[in-house]
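Coordinates in review
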Amino acid sequence: MDTSTDSGTGAAQTFVVDRLNADFAGSGLSNIAIRVDPSWTGSPGDDLILVAGGHEFPVELNGGGVEQACAFAAFQLQSDAMGERNSPWPELMTATGETMGVLVAPTEAFGVAIWELSGKPFCAVGHLHRAVEAAGLRIK
């Protein structure tokens, strides 16, 4: 898979992909990657495509940075994960099996890209499974 030769962009791509793969592990989605495809948009610099299974969409690293890219991609991938599972994801459960609610990935990052529970920050994108475990919860 082609990646940018710009070391800063390559590092940013890796950062975003690592965070998304960490959160979406076990969601039913294939391994997430970013490829460079100048033919996608026809605009120089707007050629980074996030790939997860059969879904592909452009991501912007220059305009909003890695946090905005993580937020937008997590929002898109959450819909894909729910489609794959045919159920809400990630749905939090207590140790006794009570439903806590479904986390939401907002499309905008005002600082760090996050997952929200009932409109309140739960954890940063990339820390989902560790945060769930630390809270004594599990994902259904």
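Before reading further, recall that the structure is shown in the block above.
Calculation notes
- Residues numbered from 1 in each chain as written.
- Predicted model: local features only at pLDDT ≥ 70, side-chain atom pairs only at ≥ 80, totals over all residues.
- Heavy atoms only, no water.
- Helix = DSSP H or I, 4+ residues; strand = E, 2+ residues; numbered from the N terminus.
- Contact = heavy atoms within 4.5 Å.
- Pairing = 2+ DSSP bridges.
- Axes fitted to C-alpha atoms, helices over the stretch in contact; angles between N-to-C directions.
- Phe/Tyr/Trp six-rings, centres within 6.5 Å; stacked < 30°, edge-to-face > 60°.
- Buried < 20%, exposed > 50% of the residue type's maximum accessible area, 1.4 Å probe, protein only.

**Topic: the overall build of the chain**
If you tally the helices and strands in the chain, you get four helices and eight strands. Ordered by position in the sequence, the α and β elements of the chain form the string α-β-α-β-β-α-β-β-β-β-α-β. Taking as baseline every contact in the chain between residues at least 6 positions apart, the subset at least 24 positions apart corresponds to 49%.

**Focus on the sheet that holds strand E2 (residues 48-52)**
Two orientations exist for strands paired in a sheet by backbone hydrogen bonds: parallel and antiparallel. The strand order across the open sheet formed by three strands is E1-E2-E3, and the pairing between neighbours is antiparallel. Every other strand in the sheet has two partners, leaving strand E1 (32-36) and strand E3 (55-58) as the edge strands with one partner each. Averaged over all adjacent pairs, the angle separating strand axes in this sheet is 25°, with direction ignored. Bridge analysis of E1 against E2 gives five bridges, and the strand direction is antiparallel. Bridged to Ile34 within E2 is Leu50. Here helix H3 (residues 65-85) sits on the sheet in contact with E1, E2 and E3, set at roughly 160° to E3.

**What about the packing of aromatic side chains?**
Per the counting criterion, the structure on display carries four aromatic pairs. Where Phe24 meets Trp89, the ring centres are 5.1 Å apart and the plane angle is 35°; that geometry is what we call tilted. With Phe24 in helix H1 (residues 7-24) and Trp89 in the loop between H3 and strand E4 (91-93), this residue pair connects regions lying 65 residues apart in the sequence. In this structure, Phe24 and Trp89 share a single accessibility class: buried. A centroid spacing of 6.1 Å and a plane angle of 85° characterise the contact between Trp89 and Trp115, whose relative ring orientation is edge-to-face.

Spatial relationships are all this shows, so hold off on functional conclusions.
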